[in-house]
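If you want the building blocks of each chain, they are given just below.
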Amino acid sequence: MTILVTGAAGFIGFHISNALLERGERVLGIDNLNAYYDPELKNARLERLRVHGNFSFLKRDIADEAVVDELASREHGIHTIIHMAAQAGVRHSLEDPFSYVRSNLQGQVVICELARRIRQHDTLKHFVFASSSSVYSGNDKIPFSVRDPLEKPLSLYAASKHSGEIIAQAYVHLFDIPATALRFFTVYGPWGRPDMALFQFTKAILEDKPITLFNHGDMERDFTYIDDVVDGVLAAMETVPPHGKLGVYNIGNHKMESLRALVTTLESALGKSADKRLAPLQPGDAPRTYADISESTRDLNFRPKISIAQGIPRFVEWYREYYGV
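Here's a quick rundown of the structure. (Residues numbered from 1 in each chain as written. Predicted model: local features only at pLDDT ≥ 70, side-chain atom pairs only at ≥ 80, totals over all residues. Heavy atoms only, no water.)

Strand order in the open sheet formed by seven strands is β3-β2-β1-β4-β5-β6-β11, and the pairing between neighbours is parallel. Edge positions in the sheet fall to β3 (55-59) and β11 (247-251), since each of these pairs with one other strand and no more. If you compare each strand with its neighbour and ignore which way they point, the axes differ by 20° on average. Strand direction decides the pairing type here: strand β6 (residues 179-184) and β11, joined by five bridges, are parallel. Pairing of F184 across the sheet is with I251, part of β11. Of the strands in this sheet, β1 (2-6), β4 (78-83) and β5 (126-132) are in contact with helix α5 (residues 97-120), which crosses β4 at around 165°. (Pairing = 2+ DSSP bridges. Helix = DSSP H or I, 4+ residues; strand = E, 2+ residues; numbered from the N terminus. Axes fitted to C-alpha atoms, helices over the stretch in contact; angles between N-to-C directions. Contact = heavy atoms within 4.5 Å.)

Here is a general trend for soluble globular proteins: nonpolar side chains tend to be buried in one another's company. Within the largest apolar cluster, 102 residues are counted, with the highest numbers of intra-cluster contacts made by I81 and F184. Residue contributions to this core peak at eight residues, all from helix α8 (residues 226-237). (Core = buried A, V, L, I, M, F, W, Y, C linked by side-chain atoms within 4.5 Å. Buried < 20%, exposed > 50% of the residue type's maximum accessible area, 1.4 Å probe, protein only.)

Look at helix α1 (residues 11-22): 17 Å from first C-alpha to last across twelve residues, which is about the 16 Å you get at 1.5 Å a residue. Burial within α1 is extensive, with eleven of its twelve residues counted as buried. Residues of α1 that are buried: F11, I12, G13, F14, H15, I16, S17, N18, A19, L20 and L21. A positive phi of about 95° marks G24, the residue just after α1. (Expected span 1.5 Å × (residues − 1).)

This structure, assessed with the given rule, holds one cavity of 30 Å³ or more. As a volume, the largest cavity reaches approximately 80 Å³. Lining the largest cavity are 13 residues, with N104, Q108, A130, K161 and G164 sitting closest to its centre. Sorting the residues of the lining of the largest cavity by element identifies α5, β5 and α6 (156-175) as the ones contributing at least two each. Examining the composition of the lining of the largest cavity, we find that four residues originate from one element, α6, more than from any other. Residues belonging to the lining of the largest cavity are distributed by class as follows: four nonpolar, seven polar and two charged. (1 Å grid on protein atoms, 1.4 Å probe; cavity = no way out; pocket = protein on both sides within 12 Å on 5 of 7 lines; lining within 4 Å. Points joined across faces, edges and corners; volume = space filled by probe spheres on them. Nonpolar A, V, L, I, M, F, W, Y, C, P; charged D, E, K, R; others polar.)

What follows deals with α6. Taking 1.5 Å per residue as the helical rise, α6 with its 20 residues ought to reach 28 Å, and the 28 Å between its terminal C-alpha atoms agrees with that figure. Y157, A158, S160, K161, G164, E165, I167, A168, Y171 and V172 are the residues of α6 that are buried. In the core, the buried residues of α6 are packed alongside α4 (92-95), α5, β5 and β6.

Structure, rendered in structure tokens:
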């Protein structure tokens, strides 16, 4: 039997696929390898996965309805779907909203339909998909709890991820799909996304270029190391929610760190000081994120281990090796 991982060439999807393969699972990865960021990085991740004999890959767009017929066939033998593919990025959603509608709304429906078809064969064990801490972006109360109302999305990205949860809830209700949404909090680590702050700051500092601290540096994030995230995803995969209920969990470090602390830790890891420029809060950005992981700890035994003091040097080590700097 096969575990389908969508977005397998992406940051989180790559790490999940690798962890599954290392424990002997059979993984089918799909990804459209789009150019939102450097496709060469995505291809390099895939090359790492292809060394495993149990990995196969299809270049597919999750928003293409034909994916349902192709992947629902019994020859693929899919029993679990880990859906990580999405159009990411809060600020980019202001520039290209249609890509978010296509990937995060239509794509969610396509993968939910795939889950429905596999469920009809009585072979679907669990449908686990990526949501985001951005769904809380308009909330004033911290830490963010899965019990909080989600009434004030600050960006189209946030709205699209919340909508993805609502779509999944409808499928749970109508078709008895066992499904779980995971709200990720600022994931970082080796093989990370070039559009994320840590990646951008590292590149700029090494190239003696200035870095921009938005909200005049008064930003706080729940930075979550990729290995902790993978642990949470794999635990969620094995924890099927009660009948008729969408599982929802926060996957965060449960520690709020200032952007300035991130930069200080990064400067230490690089052995170089940053040229810091201050700028106003950008449209769509939340000034702080902080995960309440009570339910994740209770149900998934999720206990994040890696602090930024440990995780940032690991990222820097990977960055220097990968880019030869």
